[in-house]
Every structure is written in C-alpha cells, then in structure tokens.
Amino acid sequence: MRRVWTQHSSVHLLSQLLLLSVAAAFHSQGHVAQSSSPGAFSIHQRLPFSSDTILAAISGGEGDTVDDEAPSLDEDDWRAFRARLVLGTREGEDATSSSSSSNWAYDSGQTIEPGSIILAKVEPDFCYFGLNQQYFHKSVMLVTYHKDGEFTKGVILNRPTNLFLGDEDFLDEDGEPILQGGGDNRTENSWRIWFGGDVRSLYSDDTEIICLHSIDTEIARNVSGVLINNISMTNYEGAIQIIDSGAAEAKDFWMFAGYAGWTGGQLLDELNRESWYMVSADSDVVWQELVRQRDEENADPRDAGLKTWSALMGLIGKEDEAKELSQSFADLTLKEWAAAQILFNSTAGSADMQEDTGSTYDVASAQLSLSDMISSFSSAPNSLDKIVSIALHAKNGLAGSLLRGSADERSPFLLSQQKFHKGMMLVIQDDEHMTVGVMLNHPTTKTRPLTLPTGITIDMTIRYGGSFGIPGVTDQPTIFLHCKSKLKDLGIGEPVGKSESENRIWICTEDQAIDAMVEGHASHRDFMCVEGFSIWSKDAENPVEGGLLEELLEGKFELVDPKHTDEMWVTLLAQTSLSIDTLDRNCRLAADAWGVAGRRNEDAAFTPCVYDSSITVSELSDDALRYWIEAFLLGGVVSAADKYSAFE
C-alpha cells in the first residue's frame, strides 16, 4: 500500500525532530543565534539552514507530497543523513548536495552514542597528558557502550602493539587455555594485540579482550553486537566460533586488550571542559585507519598512532590545529610510553630498533620476583656493593637515610611521579607498616611566618615534602630540619634515624628553631621548613616487596653517601621561594645538589634519544620535572612555549 505524506502532517513532525536532534551539535560549534526575546526558544534561530532545506533533504526535492512509501531511517541512514547536513553546511553547500567522498566525519558536539569517535583535544596550557596517562594524548577512541547517567565505555583505536599471542595464551579462571583440543584440523591462530585502554588492560590480572570485525554471517551476528553499520564487536570466544565456522581468519579481527571507562556524567563533564572532540564518522573511516595501521610497512609501535589522530582531525576540519600541535612535549612522552608499554622485545624485529630504544618492555620482566631482581641486579658492575649497602641500611631501618633519584639515562620518573626525578629525599620513619620520607629540593610559593620575641616576623619558605598529609588535620604539621654542627653540639633537636654518621640531618620544633635564632646560634637560612610526606606502605607478609626498599633495589632511588650531605644541604639552602622569576635558578640548584650527592651512570654505552627525535630522554625527563613544578607548584605550565612547537 502506497502512502502520501504531506508537509503539514508527519513530514512536518519529522522535520522538527530532525531540527531538535542536530541543534545541540551546531550549538557546540558556535552556530547559535540570539533569541528574539528573553527566554524565547526558536529552533529556526539556532540553525544556519531552514526547515525547507530539511524537507528537501528528506523528500529529494520540493513539493507538498512525496509519492513513495513512508521514509524509513534506520540508525545508519540517520547518521549519514546528519553527516550530509553538517558537512553541507560546514562547506557552504546546500544541505542536499552529496559529498565528493562516501567517507564522512564531523564534530557532533556533545552527542555521545555507541559507534561515535572520541578524539583527544590537546591542552597546550597544562601538559596533563604529557605528565600522566600519556596513552590518552592524541588518542582516537571508539565508543562501544553508553548509557546516560551510568557508564560510557570505549577502546583506543590507535595504539597497536607488536605483540602477537597464540590461542594457548588465552586462559580461563583456572589458568587453563580457553581453547583446548580440536585435533589436527585446528590451525593455531596468531592474534595481534592492540592496547585498548587502562581498565582491565594488558597488564592487569583480569584483562578484557574486545574484538572488532565486519563479518556478517549468521554465526557472527549471533555472537556479536553491532556498534554501527559494518562494525561489530565480540570477545575472544566469539571470534573463535566465527573462525571455526569458516567465515574468517584471525587477521580479520582487531583484538584490543583493555578499555577506557567513564562513570555517569564524567565524559560529558570532560566535554564541557573541552578535553575531547566528539565525532560521528562513517564506518569506512574507522576501517581504513585500522587496516592502514595493521598493514603499514616497517610500522613501529612508538609511532603511537599519531598519523591516525591527525587524519581524523583533518576530517573534522581541524588539520591546522593538528599541524600546530605536532612534535609537542606530550608527543615525545607518548612515544616514551609506547616504548615502555607496547613495544615488545620478543617481536621487536631488529637490533637497530632495540638500540634506538635503549630499553624496551619485556613481558617476562613484568613478572620478576624480588629474588630474580636481586640476582639480575647483582650481575651489573659494582652492584654487589650497592646491595650490601642497601641491606645494611634496611637491617637497621632506613630512617635517617638520604636518597636521590636514579642516575639512569632513562629516568624511571619520566612518565609518572616526575617530582622524584633528580630528587633528594630524607627518610624520617621506617617501621613494619610503612616508610615515610620528605623531599628537600622543591621550594613552593608558600611561606610560614615566624614571629620572634622581638616582634620581627621572618617568612620561611615552605618546601614540598610529598603528596600525603595527616588525615583529618586542617593545619598540617611543618617539619623543621637543620644540618648545622653548632646546633647539633647544643642539642637543638635530635638526629633523624639511628645512623652514627656525623653528617646526618636533624629535626627540631618550630620553638627550638626560633630560640636558636633569638640566641644568635643560627639564622633562618640554616633551617628547612617542609610540609607534606612521601609514603610507601609495606606488605604485611613481605615488607620488602612493594615498598621503598624494592624501589631502591630496582634502581629508582640511590642511597647517598653521608659524606656528601653537607655540600648537598648548603646547595639546597640557596634556593628561595618559588616564582616564575626564581624557577630557573631553583631548578639549577636542585640539579646541582643532586649532582654533588652522587654521580651519573657512567656505565651507559650511549645517550638514548626519543624515537624519531633529536631530544634525548634525559633532556625530556628534565623538562618533565620542570613542567611538573610549574603545573603543581606554580599553578600552570608557562615555559613549554620556549621549546616545543606545540605550545607556541
């Protein structure tokens, strides 16, 4: 039966629904016109095209009637229809004009739905994804699940690894291979793994496997969920069933380990903060990029999918922004994250790649026990003396020990906890439950006023000791430290720890510090004023693993010979309260103090550079520390524009 649709009935209703649905997208893109009166809401005033244009797009022409069946817009047709409207308007064309290419993508504002693409938006004024969670920097994510107010889930599409796993590597809850038996007819599958996100990821105990494919058979439909046209999702067991049916091979699946997740409203909040672009795209756009990454010759995981991000940015009209943000600080830390997390020795391929990397992540090394670690560590030059020294300190308790950040060319604190890079740490407590330390080399912008009995007020620079405070305490305690021989002789304060060294650091109260100043035994410049703690908890069953002692054995920190304490101390005392004007000098003095407290790793055969860059990893680590200071102690990154093109 043929039905006539009139412009004054269902078509009019449909046009209003269409207008409502795309209003939000144009609103987010700045296409909002002012209402004719306060509080008035007019769809037509919000959109840069009229309802006649919408009707023409529906009917294929003008006129009051359409001599055809009622329009049937399924989800895929609807997405393509919206794309024609948006792209036609963006390019200044009539909305009914067809695109020169069948592939499309557009900024959909805050429309979150399965099958949408999330593009990371670079924030040059903060460097957040350069300092933390580097895998999100310039990421391209596919939304696989969304329910308003509850949860959103997606997988990162542009972080391919060079790791291939066989069927025997997929285990059930009992540790047995999921796929067993099958006889001589079963072909061993080889699965390339992609890093899908940080939740239940490749390195967790309960990795979640997500497989994307475009296979459209009855079995495939039974074991898969359709995200959008031509993109379906299943798990490992579903992929095996499809392969066993003869409809596909392992290479027809893209296997992701882990996912990214947002709680109810979280992603929308981040969209409001302009952390992401929400993109609606044709499925062919997604497949083209996935296939290109899979089949690219001489592909290296350290490329980190940056080409894919730039390609998608170009499709939504942001190519200039993408070019301006190339070779940024965060680009380089992303490459270092990729070298550490998704580049595997077992399939790295060439000696050149491994030499250029300096150190790649070996799956086996992630499972090393402490005894294995000690055995490996003791085979290095001079390591036995280090282990003996660490063991002796641990036996007597680490309290009173002075530590400094690793001297390795590849800093263990490049990608996280940058505050410890070339840091100086005093351990003030070490018991069976935890180890507590305070950092000495980070002056802050804050001061603590000390009022002397004479009425004079002295502002003491407060140093950042760590990120922990005492729970439930509003006014956190301030620790006063000194290393002055005269004050030690007078018994002002007490030594930190049980060390017999004469070079140890002492702790005192504020009143004791004031009395020493009043009596002329010291000046305020002889004291350090520290707030905050750095805390390492200990495993009740094995206090060695997971605590500061393990980090010492891993080489993240080094014990400082007490003979260097005085020179280190005097160097740090020359620092002043943090400001944009004192930042350079304070950083230089902190590096000098770290240098006099030990020496660089002289065993390094070469100085590694970041992949495909002339920037050394050591230089990048120094910059990461500086940006951490600016971001968290000064309140915002201010100096990156001096060096990295992304922040010009």
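Reading the values: rules and limits
Residues numbered from 1 in each chain as written. Predicted model: local features only at pLDDT ≥ 70, side-chain atom pairs only at ≥ 80, totals over all residues. Heavy atoms only, no water. Pairing = 2+ DSSP bridges. Helix = DSSP H or I, 4+ residues; strand = E, 2+ residues; numbered from the N terminus. Axes fitted to C-alpha atoms, helices over the stretch in contact; angles between N-to-C directions. Polar contact = N/O pair within 3.5 Å; in protein donor to acceptor, adjacent residues only side chain to side chain. Contact = heavy atoms within 4.5 Å.

Quick word on the sheet that holds strand S7 (residues 160-166)
Strand order across the open sheet formed by six strands is S7-S8-S12-S9-S11-S10, with mixed pairing between neighbours. Across the chains shown, the open sheet's two edge strands, defined by having one partner strand only, are S7 and strand S10 (225-228). Within the sheet, the average angular offset between the axes of one strand and its neighbour, ignoring direction, is 35°. Relative to strand S11 (residues 231-234), S10 runs antiparallel, the two being bridged by three bridges. Residue pairing for S11: Gly225 is matched across the bridge by Met233.

Here's the deal with the side chain of Gln575
Mapped onto the elements of the fold, Gln575 is located in the loop between helix H19 (565-573) and helix H20 (583-596). At a separation of 2.7 Å, a polar atom in the side chain of Gln575 contacts the side chain of Arg463. Engagement of the side chain of Gln575 in a polar contact is seen with the backbone oxygen of Asn586, the distance being 2.9 Å. In contact with Gln575, not counting residues within four places along its chain, are Leu440, Asn441, Pro443, Arg463, Arg585, Asn586, Leu589 and Ala590.

Some remarks on the sheet that holds strand S17 (residues 434-439)
Two pairing modes exist for strands in a sheet, parallel and antiparallel, and in both the strands are linked by backbone hydrogen bonds. The strand order S24-S17-S16-S15-S25 describes an open sheet built from five strands, whose pairing is antiparallel. In this open sheet, the two edge strands, each paired with only one partner strand, are strand S24 (534-537) and strand S25 (557-559). When strand polarity is set aside, the average angle formed by the axes of neighbouring strands in this sheet is 35°. For S17 and S24, the ladder comprises four bridges, and the chain directions are antiparallel. Bridging from a neighbouring strand, Gly437 pairs with Ser534 of S24.

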